[in-house]
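Each chain, written out:
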Amino acid sequence: MFDAHGKELQHLSAQAFGAMLETEIGSERSEVAISALMQRQKGFLASGQTLDLNWRRKQLLILRDLVQSHEASILEALHADLGKSSTEAYMTEVGVILSEIRETLKQLKSWMQAETRRSPLAFFPARSQVRREPYGQCLIMSPWNYPLQLNLAPTIAALAAGNVAVLKPSELAPQLAGVLRKMISQGFPPEVLTVMEGDASLSTLLLSKRWDLIFFTGSTAIGRIVASAAAKHLTPCILELGGKSPCIVSRKANINLAARRIVWGKFINAGQTCVAPDYILAEEEVYDQLLAALRSEIRLRFGEHPLLNPELPKIVNDRHFQRLIALIDPAKIAEGGQYQSEQRKIAPTLLSKVSFEDSIMREEIFGPLLPLIPIKNLAVAQDLIREHEKPLALYLFSEDEAEQEMIARNISYGGGCMNDVLLHTGNGCLPFGGVGESGMGAYHGRDGFEAFSHRKGILYSSTRFDPPFRYRPWTSWKNKAFRLLLR
């Protein structure tokens, strides 16, 4: 129900409504504005336009053009918020989004086609199929660490599946959130796609509303709050969370290559990556060799004085910076450990011979600190990982296919790589998501389209023939017919 102001908002033009919405959010009238927006979105969905392939393709093309035309502003905002260099920002954010749009446009027609399924003989004559329909109104809540990618990747899936959405970016990356709001408002009417900026109070207000699907990326703790809010309305939700993702290094690994790839993946975005290697389990036989190779690789990539390297990203805010500094045990520093408080920069840091009892192993690190733990063999690694919550990602470096199969088969985790790190998240042909404490649901590519689609099963029964055995009264021959057809 709306007051007179809410009804007035319903009759504004899309442009005027969008302008009104920006002034309302953050005011005491924000609940009215959000309710009015949701009514507009519901009305637009009822028009049936989003069911059309050409409409969906058009939205994706608009989004692609917006990202390309605002690239300079996006890169500038990512540098302001997180200190990302233009190369890193393009590689991990802009380029990822453009690639995802390109693949979705290429495959969307085939994804949308109805899928034929077999019909049991007992239902003859009939045909069965699965159709995919949009859930409807989606709320997409995203974190600060990859504020473009983690807002727009689920948005691509939502639009491809024919949904409308409200995006709530993190207030901890305010520059990018502002650019995102500006560019989305230029390309989309609010009833299709809207960005709402605000703090936790806005998130709470949005979660109090009834959505058709909620997509959340962030911490496990906040994920529980989101799931609880969704449960009140029986709203399905996709939770992309985190956890301590292990990296196992076997004695059968290519050690120098492993070090190169681990350093690349761990220290991108100053380690503020949910799927970054959180800690290393290295077999004792190669532990010292790996540690030396990691130290050499850090110095090669970041220089002798990493804090002076202009490409070193910064920690997002002072609270996270202080939390990370407190996790550094000076007695265990094998490389790095330096930090610069004013710029919130921490040198890539290796911590040697850490144990699971150390404070750094009690929480997800989410920063440029990498603990190394020596293990006797991969069986020990397997047992250690199983003793803790299921990780979002797992990485194994080993040239032995039997070892790869053992880890892939015996340990439950969201996804991962063999002899590499992070790259599975960039493959649009693979599902990305967690399991257990690290999340529920998966997306990217076709899996994203499926995640934002309801699969509706339909049986088309013929009227040309009506088998009499299913109708009363039951007789012995009908009983025999049922037993024959339903065995």
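Everything that follows concerns the structure shown earlier in this document.
To start, this report covers the structure provided alongside it.

Conventions used here
Per chain, residues are indexed from 1 in the order of the written sequence. Only residues with pLDDT of 70 or above have their local features reported here, since the model is predicted, and side-chain atom pairs are shown and tallied only from 80 upward, although totals for entire chains, interfaces and linings are computed over all residues. Calculation of side-chain values draws on the structure's entire complement of heavy atoms; hydrogens and water are dropped beforehand. Stacked, tilted and edge-to-face pairs are distinguished by plane angle, under 30 degrees for stacked and over 60 for edge-to-face with tilted covering the rest, among Phe, Tyr and Trp rings (Trp via its six-membered ring) whose centres lie within 6.5 Å. Note on conventions: DSSP H or I runs of at least 4 residues are helices, E runs of at least 2 residues are strands, and numbering of each starts at the N terminus. Relative accessibility decides the category of a residue: with a 1.4 Å probe and only protein chains considered, values under 20% of the type maximum give buried, values over 50% give exposed, and everything between is partly exposed. When the NZ atom of lysine or the CZ atom of arginine is within 6 Å of a ring's centre and also within 35 degrees of its normal, the charge is said to sit over that ring. All axes are obtained by fitting lines to C-alpha atoms, using only the stretch in contact for helices, and the reported angles, taken between N-to-C directions, cover 0 to 180 degrees. Under this scheme an angle from 65 to 115 degrees is roughly perpendicular, one under 35 degrees roughly parallel, and one over 145 degrees roughly antiparallel; angles in between are oblique. The crossing is said to be left-handed when, going from far helix to near helix, the turn is anticlockwise and less than a right angle, and right-handed when the turn is clockwise. We call two residues contacting when some pair of their heavy atoms lies within 4.5 Å. For this classification, the nonpolar set comprises Ala, Val, Leu, Ile, Met, Phe, Trp, Tyr, Cys and Pro, the charged set comprises Asp, Glu, Lys and Arg, and every other residue, Gly included, is treated as polar. One fewer than the residue count of a helix, multiplied by 1.5 Å, yields its expected span. Given a residue, its bend is the angle between the two axes fitted to the seven residues that end at it and to the seven that start from it. Pairing between two strands requires that DSSP report at least two bridges joining them.

Attention now moves to the packing of aromatic side chains. According to the stated counting rule, one finds eleven aromatic pairs in the structure shown. Between Tyr-279 and Phe-356, the ring centres sit 5.6 Å apart and the planes meet at 80°, which makes this aromatic pair edge-to-face. One end of the pair, Tyr-279, is in strand β9 (residues 279-283); the other, Phe-356, is in the loop between β13 (349-351) and β14 (369-375), and 77 residues separate them in sequence. Using a relative accessible area of 18% as the deciding quantity, one classes Phe-356 as buried. Among the aromatic residues, those joined into a cluster by ring pairs are Phe-215, Phe-432, Tyr-443 and Phe-452. Geometry around Tyr-460 places Arg-127 over its ring, the cationic atom sitting 4.0 Å from the centre.

What follows covers the packing of helix α4 (residues 53-69) against helix α8 (residues 174-187). For the pair α4 and α8, interaxial distance at closest approach is 10 Å and the crossing angle is 135°. In terms of axis orientation, α4 runs oblique to α8. Along this stretch, α4 crosses α8, giving a crossing that reads as right-handed. Only Met-183, Ile-184 and Gly-187 of α8 make contact with α4, whose side of the interface consists of Ile-62, Leu-63, Leu-66 and Val-67. Grouping the constituent residues of the contact of α4 with α8 by class yields six nonpolar, one polar and no charged.

A few words now on helix α6 (residues 86-112). In this model α6 runs 36 Å from its N-terminal to its C-terminal C-alpha over 27 residues, within 8% of the 39 Å that 1.5 Å per residue would give. For α6, the principal kink sits at Lys-106 and spans about 45°.

Spatial strand order, β5-β4-β3-β6-β7-β18: six strands in an open sheet with mixed pairing. For this open sheet the edge positions go to β5 (193-195) and β18 (439-440), each flanked by a neighbour on one side alone. Of the strand pairs in this sheet, strand β3 (residues 137-141) and strand β4 (residues 164-168) are connected by five bridges, and their pairing is parallel. Within the sheet, the bridge partner assigned to Met-141 lies in β4 and is Lys-168.

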